[in-house]
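Residue-level listing of the chains:
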2 protein chains.
Amino acid sequence: MTTRTAAQRHAEARASHRARSADCPTNRLLDRIGEKWVALVLKELAEGPRRYGELARTIAGASQKMLTQTLRRLERDGLLARTVTPAVPVRVEYALTPLGQSLVPVMRAVTRWAEENIDRIDVARETYDAHDAERRSQRS
Amino acid sequence: MTTRTAAQRHAEARASHRARSADCPTNRLLDRIGEKWVALVLKELAEGPRRYGELARTIAGASQKMLTQTLRRLERDGLLARTVTPAVPVRVEYALTPLGQSLVPVMRAVTRWAEENIDRIDVARETYDAHDAERRSQRS
DNA sequence: CAGCATCCCTTGAGATACTG
DNA sequence: CAGTATCTCAAGGGATGCTG
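Values in this document were obtained by computation on a predicted structure and should not be read as measured data.

Novice: So what's going on with the overall build of chain A? Residues and values would help.
Specialist: When helices and strands are counted, chain A shows six helices and three strands. Ordering the α and β elements of chain A from the N terminus gives α-α-α-β-α-α-β-β-α. Out of the 140 residues belonging to chain A, those deemed buried represent 40%. For chain A, restricting intrachain contacts to residue pairs at least 6 apart in sequence, the fraction spanning at least 24 positions comes to 43%. Accessible area of chain A: about 8,300 Å², with a carbon and sulfur share of 52%.

As structure tokens, this is what we get:
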């Protein structure tokens, strides 16, 4: 049976596109920096090396598990370096690599735009939600 | 009992921090542009207005549900405008608003960094994974 | 054409308890 | 101090069928 349904063809199109999309550098980067705690970790490390405990205190919103996971993934991507000083107790320090530092200006651009325009977004949302409520009430 | 355990205090600290973090403009923006299909939609609309069907074909990787959801959220945030031309059949066109256009350069900065450095990230990952495999084999 | 509604499964993320 | 391991639950995202 070489015949395929439209649904099958669509699924195949999506599958192949997904593969290409997974290769797309922009999406891959956004997957990473879009993770919940990445922006905060990068922002903190942009100001200098930090010990694990310092990060945990500064980014108090992240659970220990998420913080570790975030740090590991960033380390794996070569954006930060983890240095263990074998002492008692152990001392673990995280610092941005040159690659990680080169990302800082980009993050700053995102941050600046966000701070300058978040109000406009909020206004747009309120307007949209108000109209949305209106529409709903008219239908019912 | 006014006594609270360490766990309770930590939970409270996280809760209050979560509230602040949800207010953080950068995180809110990253939540939006980090969504799976947002970057592709913005990139496409940066080149001009598009009809729903055009977007669906260009961004073939997204399911219909996700594409609609993405467009609605961007519309709600005032980043794009949806124009319905009542005809038979209906014609719906999406275009960036001025606010949406002001975000384009930021997205381009992200894209450029991603394209220039994705290779370094890949190398870092391979190195990291290789060492990881080594560590695992030594333990067992 | 341009969606909406529903079902279902995978993934993200928090809580909790334990360790070198 | 700086983690690891496990459980659980909610959200994200896809497949499918239907509609103005």
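Further notes follow.
Novice: I'd like a rundown of the relation of the copies chain B and chain A, residues and numbers included.
Specialist: The operation linking the two copies of the chain is a rotation about an axis combined with a translation along the axis. Superposing chain B onto chain A requires a rotation of 180° together with a translation of 0.0 Å along the rotation axis, leaving an RMSD of 0.1 Å. Expressed as an axis order, the relation between the two copies is that of a two-fold axis. Measuring from the rotation axis to each C-alpha of chain B, the shortest distance belongs to Gly34 of chain B, at 2.3 Å. Comparing interface residues between copies, 98% of those in chain B also sit at the interface in chain A, which points to an isologous, same-surface contact.

Novice: Break down the protein's contact with DNA strand D for me, citing the residues and quoting the values.
Specialist: Surveying the vicinity of DNA strand D reveals 19 residues, the closest of which are Gln64, Arg82 and Tyr94 of chain A together with Lys65 and Met66 of chain B. Within 4 Å of the protein, the contacting atoms of DNA strand D are drawn from sugar and phosphate to the extent of 59%. Contacts to DNA strand D include Gly53 of chain A, whose backbone N or O atom sits 2.9 Å from a phosphate oxygen. Arg82 of chain A is positioned with one of its side-chain polar atoms (N or O) 2.6 Å from a phosphate oxygen of DNA strand D. If you list the elements that add at least two residues to the surface near DNA strand D, you get helix H4 (52–58), helix H5 (64–76) and strand S3 (91–96) of chain A together with helix H5 (64–76) of chain B. Ranked by the residues each element gives to the surface near DNA strand D, the list is headed by H5 of chain A, at four residues. Across the surface near DNA strand D, the residue classes break down as eight nonpolar, four polar and seven charged.

Novice: Explain the interface of chain B and chain A to me, and be specific about the residues and the numbers.
Specialist: Residue-level contacts link 47 residues of chain B with 47 residues of chain A. The junction of chain B with chain A conceals about 4,500 Å² of combined surface from both sides, 65% of it contributed by carbon and sulfur atoms. Taken as a group, Arg76, Trp113 and Arg125 of chain B account for 16% of the area that chain B buries against chain A, more than any other trio of residues on that side. Along the contact surface separating chain B from chain A lie six salt bridges. For the interface between chain B and chain A, the tally reads 11 residue pairs in polar contact (both at pLDDT 80 or more).

Novice: A description of the protein's contact with DNA strand C should follow, citing residues and the corresponding values.
Specialist: The immediate surroundings of DNA strand C are formed by 19 residues, with Lys65 and Met66 of chain A together with Gln64, Arg82 and Tyr94 of chain B found nearest. For DNA strand C, the fraction of atoms within 4 Å of the protein that belong to sugar or phosphate moieties is 60%. Taking Lys36 of chain A, its side chain carries an N or O atom lying 3.3 Å from a phosphate oxygen of DNA strand C. In this structure, Val92 of chain B approaches DNA strand C through a main-chain N or O atom, which is 3.5 Å from a phosphate oxygen. For the surface near DNA strand C, the secondary structure elements donating two or more residues are H5 of chain A together with helix H4 (52–58), H5 and strand S3 (91–96) of chain B. Per element, the largest residue contribution to the surface near DNA strand C is four residues, and it comes from H5 of chain B. Across the surface near DNA strand C, the residue classes tally to eight nonpolar, four polar and seven charged.

Novice: Describe the side chain of Glu75 of chain B, and please don't skip the residues or the numbers.
Specialist: Structurally, Glu75 of chain B can be placed in helix H5. In this structure, Glu75 of chain B is buried with no salt-bridge partner, the nearest side chain bearing the opposite charge being Arg72 of chain B at 4.5 Å.

Novice: Which residues make up the sheet that holds S3 of chain B, and what values do they have?
Specialist: Residues and elements named next belong to chain B. Ordered by their spatial adjacency, three strands build an open sheet running S1-S3-S2, and the pairing between neighbours is antiparallel. Where the open sheet ends on each side, the last strands, each with one partner, are strand S1 (50–51) and strand S2 (80–85). Of the strand pairs in this sheet, S2 and S3 are connected by six bridges, and their pairing is antiparallel. Following the sheet pairing, Val84 is matched in S3 by Val92. Against the sheet, helix H3 (residues 38–46) touches S1, S2 and S3, its axis set at about 95° to S3.

Definitions and limits used
Residues numbered from 1 in each chain as written. Chains lettered and ligands numbered in written order. Predicted model: local features only at pLDDT ≥ 70, side-chain atom pairs only at ≥ 80, totals over all residues. Heavy atoms only, no water. Helix = DSSP H or I, 4+ residues; strand = E, 2+ residues; numbered from the N terminus. Buried < 20%, exposed > 50% of the residue type's maximum accessible area, 1.4 Å probe, protein only. Contact = heavy atoms within 4.5 Å. Areas by Shrake-Rupley, 256 points an atom, 1.4 Å probe, with all protein chains shown as cover. Least-squares fit on C-alpha atoms with pLDDT ≥ 70 in both. Near = heavy atom within 4 Å. Polar contact = N/O pair within 3.5 Å; in protein donor to acceptor, adjacent residues only side chain to side chain. Nonpolar A, V, L, I, M, F, W, Y, C, P; charged D, E, K, R; others polar. Buried area = accessible area lost by both parts, 1.4 Å probe. Salt bridge = Lys/Arg side-chain N within 4 Å of Asp/Glu carboxyl O. Lys, Arg positive; Asp, Glu negative; His and termini not counted. Pairing = 2+ DSSP bridges. Axes fitted to C-alpha atoms, helices over the stretch in contact; angles between N-to-C directions.

Note that all results are geometric; they support no functional claim without further evidence.
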